[in-house]
Amino acid sequence: MLRLKSLMILDSRKAMSLFPNGKLLINTINAHSYNTAQKDKLFAEALQQGDVLIPDGASIVKACRWLNARSKPTERIAGWNLFEFEMNKLNTIGGKCFFMGSSEKVALIKQRVKVDYPNIEVETYSPPYKPEFSEEDNRAIVEAINKANPDLLWIGMTAPKQEKWAYTHWHELKIHCHCGTIGAVFDFYAGTVKRAPTWWQRHSLEWCYRLLKEPRRMWKRYIIGNLLFMWNICKE
C-alpha cells in the first residue's frame with residue numbers, strides 16, 4: 001500500500017531548479033494516482049522508487065499537511081509546470097528532446113515545439129496502441145530512445161501505464177537526461193484536450209473544469225475518486 005505520510009515529495013516549483021544533472025526519473029502524484037496505487041503494487045513501487053515525485057494536485061498538498069506527513073509541499077506543481085521548466089531550460093542551451101506517445105499527439109507536438117522552442121531538436125516514437133506491450137514492443141521502444149540519446153525524455157501513455165513502463169525499463173535506458181512521465185501534458189500541448197483557464201487553475205479547480213467538459217468520462221474519477229481519496233487518507 002502507498003502511504004502519503006511517508007513519501008518524499010518535491011516541496012515547491014522553485015525546487016525544480018535544484019534537480020541534479022544526469023539520469024533522473026520524475027513522476028507526478030495526484031488523488032487519482034494515489035487511489036490507483038492502493039490496488040496496483042507495481043504502480044505504487046514505481047512512484048516510491050522514482051527519483052522525484054511532484055505533487056500534481058491541491059488535494060495532495062492539503063492531505064500532506066493534514067497528515068503531518070514527511071513531506072509538506074507548499075504548492076501544487078502541475079505536470080505542465082515541469083514541462084515548461086525543462087523545455088525552457090533545454091531551449092536556452094539547445095539539445096534534443098524525445099517524445100514517446102501516440103502518433104497523433106507527437107506529430108502535433110513536434111510541429112508546435114518548432115515554434116515555441118526553436119533550439120530544441122525533436123525525435124518521437126509511437127508504440128502500438130494496446131493494453132500491454134509485448135517483449136518485442138518494449139525492446140523497440142528502448143532501442144529507439146537509446147539510439148536517439150536525447151537531452152530530455154518525455155513519456156506520455158497515461159497513468160499508471162507510463163510510470164510502470166519507465167520504472168520497469170529504467171535500467172535498460174542508456175540515457176543521461178531527465179525523464180518525465182506526463183501523459184496529460186501531451187494532450188494539452190498537442191491541443192487535443194483544452195487545459196482549464198488560469199482562474200480555474202489558480203483556485204485549484206482544474207479537476208472541476210475537466211469534469212464539466214467531459215462529465216461522462218470523468219465523473220467516476222472526480223466524484224467517486226475524490227470521496228475514495230478522502231477515505232484512503234483517513235485510513236492512514
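These notes cover the structure that comes with them. For clarity, every value in this text was computed on a predicted model and none was experimentally measured.

### Things to note about the environment of K23
Take K23: it is sitting in the segment before β1 (24-29). Considering only alpha carbons, one finds K23 and L153, 130 residues apart in sequence, at a separation of 10.0 Å. Beyond its immediate sequence surroundings of up to four residues, K23 is in contact with D51, W170, H171, L173, I175, H176 and C177. A polar atom in the side chain of K23 sits 2.6 Å from the backbone oxygen of W170.

### Description of the packing of aromatic side chains
Inspection of the entire model under this criterion finds 11 aromatic pairs. Arranged with centres 6.0 Å apart and planes meeting at 50°, the rings of W207 and Y222 form a pair that is tilted. Of this pair, W207 sits in helix α10 (residues 206-213) while Y222 sits in helix α11 (residues 215-235), and the two are 15 residues apart along the sequence. Among the aromatic residues, those joined into a cluster by ring pairs are W80, F83, F99, W154, F186 and Y189. For the cation-ring pair, K23 lies above W170, with the distance from its terminal atom to the ring centre recorded as 4.7 Å. In this arrangement the basic side chain of K161 is found over the ring face of F133, its NZ or CZ atom lying 4.2 Å from the centre.

### A short note on the packing of helix α5 (residues 103-116) against helix α8 (residues 183-190)
Where α5 meets α8, the axes come as close as 9 Å, and the angle between the chain directions of the two elements is 65°. In terms of crossing hand, the pair formed by α5 and α8 is left-handed. Contacts between α5 and α8 involve K105, V106, L108, I109, R112, V113 and D116 on the former and, on the latter, F186, D187, F188, Y189 and A190.

### Topic: the pattern of salt bridges
Counted by the stated rule, this structure contains 10 salt bridges. For K96, the salt bridge goes to E123, with nearest N and O atoms at 3.1 Å. Of this pair, K96 sits in strand β3 (residues 95-101) while E123 sits in strand β4 (residues 120-125), placing them 27 residues apart in sequence. Given a relative accessible area of 28%, E123 falls into the partly exposed group. Each of D56, R76, R195 and E206 takes part in one network of salt bridges that share partners.

What counts and what doesn't
Residues numbered from 1 in each chain as written. Predicted model: local features only at pLDDT ≥ 70, side-chain atom pairs only at ≥ 80, totals over all residues. Heavy atoms only, no water. Helix = DSSP H or I, 4+ residues; strand = E, 2+ residues; numbered from the N terminus. Contact = heavy atoms within 4.5 Å. Polar contact = N/O pair within 3.5 Å; in protein donor to acceptor, adjacent residues only side chain to side chain. Phe/Tyr/Trp six-rings, centres within 6.5 Å; stacked < 30°, edge-to-face > 60°. Lys NZ or Arg CZ within 6 Å of the ring centre and 35° of its normal. Axes fitted to C-alpha atoms, helices over the stretch in contact; angles between N-to-C directions. Left-handed = near helix turned anticlockwise from the far one by under 90°. Salt bridge = Lys/Arg side-chain N within 4 Å of Asp/Glu carboxyl O. Buried < 20%, exposed > 50% of the residue type's maximum accessible area, 1.4 Å probe, protein only.

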